[in-house]
Amino acid sequence: MVVSSSNPHNKEISIRKRIASIFNKREDDFASLREYNDYLEEVEDMTFNLIEGIDVPLIEAKIAQYQEENAEQIMINRARKAEELAAAVAASKGNPAQNDTDGASNQGSQTGYGTGTQGQYAPTIAGGQPRPTGMATQPVPLGGGFDFQGYPVDDEEMMKLRAERGGRAGGWSAELSKKRALDEAFGSIWIN
């Protein structure tokens, strides 16, 4: 797969994401630290060569061969990463991690329509797409559209409020400016 982009940074990111999703072994998958470091070095060499366009067909063949030979291990590592991410999200929300070992309580989520518990899906309107349940509703943006860079356009009042809050966050206040101006003005009058 050759990624052509006018932005080399985006090209590198997309290649690194792709390679990381395929070559996803961890240190505990190896017998020694040396073997793991050799594996990481080989992966980084392939990534660099893909980014720079060096021996791309050869590297793509190596990637395809690795995917074919290690498909099961790749899927296991992806699942393990997803479980760890879910546990981290649950822990950050204050919910205990759920380990479903028998799979019986999770049958509803296999069809896409659950019973409405956390992490499962519930149907929306008839014929609609299922929606995740147990999550807070997302805020609806108010105000005008977006500027040419994709940022929301604020009215004058909101811009002043943001500037004032930003200044306060940085330690600035109107009183500080007034005091400094007065100190400088009176300090220049009484020079000995």
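Structure: see above.
Residues numbered from 1 in each chain as written. Predicted model: local features only at pLDDT ≥ 70, side-chain atom pairs only at ≥ 80, totals over all residues. Heavy atoms only, no water.

### Observations regarding the side chain of Thr 47
Positionally, Thr 47 belongs in helix H2 (residues 33-52). With relative accessibility at 2%, the residue Thr 47 sits in the buried group. Excluding residues that lie within four positions of it along the chain, Thr 47 makes contacts with Ile 15, Arg 16 and Ile 19. (Helix = DSSP H or I, 4+ residues; strand = E, 2+ residues; numbered from the N terminus. Buried < 20%, exposed > 50% of the residue type's maximum accessible area, 1.4 Å probe, protein only. Contact = heavy atoms within 4.5 Å.)

### Some details on the environment of Gln 73
Structurally, Gln 73 can be placed in helix H4 (residues 71-93). Judged by relative accessible area, Gln 73 falls into the partly exposed class, the value being 29%. Separated by 50 residues in the primary sequence, Gln 73 and Phe 23 place their C-alpha atoms 9.7 Å from one another. When near neighbours in sequence (up to four residues on either side) are disregarded, Gln 73 contacts Asn 24, Lys 25 and Asp 29.

### Considering H2
Along its 20 residues, H2 runs 28 Å from first to last C-alpha, staying within 8% of the 28 Å computed at 1.5 Å per residue. Of all the positions in H2, only Tyr 36, Tyr 39, Val 43, Met 46, Thr 47, Leu 50 and Ile 51 are classed as buried. Seen from one end, H2 has its buried residues packed into an arc of 135 degrees, which puts them on one side. Buried residues along H2 sit in contact with helix H1 (8-22) and helix H3 (56-69). Just past H2, the residue Gly 53 takes up positive phi, approximately 80 degrees. (Expected span 1.5 Å × (residues − 1). Arc of directions from axis to C-beta.)

### Here we look at unusual backbone geometry
Phi is positive for Asp 55, close to 50 degrees, though the residue is something other than glycine. As for its position among the elements, Asp 55 is in the loop between H2 and H3. The class for Asp 55 is partly exposed, based on a relative accessible area of 47%.

### Some remarks on the nonpolar core
Proteins that are soluble and globular tend to have nonpolar side chains buried together. One finds Ile 19, Ile 22, Phe 23, Tyr 39, Leu 50, Ile 63 and Tyr 66 to be the most contacted residues of the largest nonpolar core, which totals 16 residues. With six residues, H2 is the single largest residue contributor to this core. (Core = buried A, V, L, I, M, F, W, Y, C linked by side-chain atoms within 4.5 Å.)

### Considerations on the pattern of salt bridges
Where charged atoms from two side chains of opposite charge come close, those side chains can pair. Tallied over the entire structure, the rule returns nine salt bridges. We note a salt bridge from Arg 34 to Asp 38, for which the minimum N-O separation is 3.9 Å. Of the two residues, Arg 34 and Asp 38 both sit in helix H2, four residues apart, roughly one turn of that helix. Residue Asp 38 is classed as partly exposed on the basis of its relative accessible area, which comes to 37%. Residue Arg 180 is joined to Glu 184 by a salt bridge in which the shortest nitrogen-to-oxygen separation is 3.1 Å. Here Arg 180 pairs with Glu 184, and both are found in helix H7 (residues 174-189), just four residues apart, close to one helical turn. Residue classification places Arg 180 among the exposed residues on the basis of a relative accessible area of 58%. Overall, Glu 184 belongs to the partly exposed group, its relative accessible area being 47%. Taken together, the salt bridges that share partners define one network made up of Glu 12, Arg 16 and Glu 44. (Salt bridge = Lys/Arg side-chain N within 4 Å of Asp/Glu carboxyl O.)

Nothing here speaks to function; it is geometry throughout.
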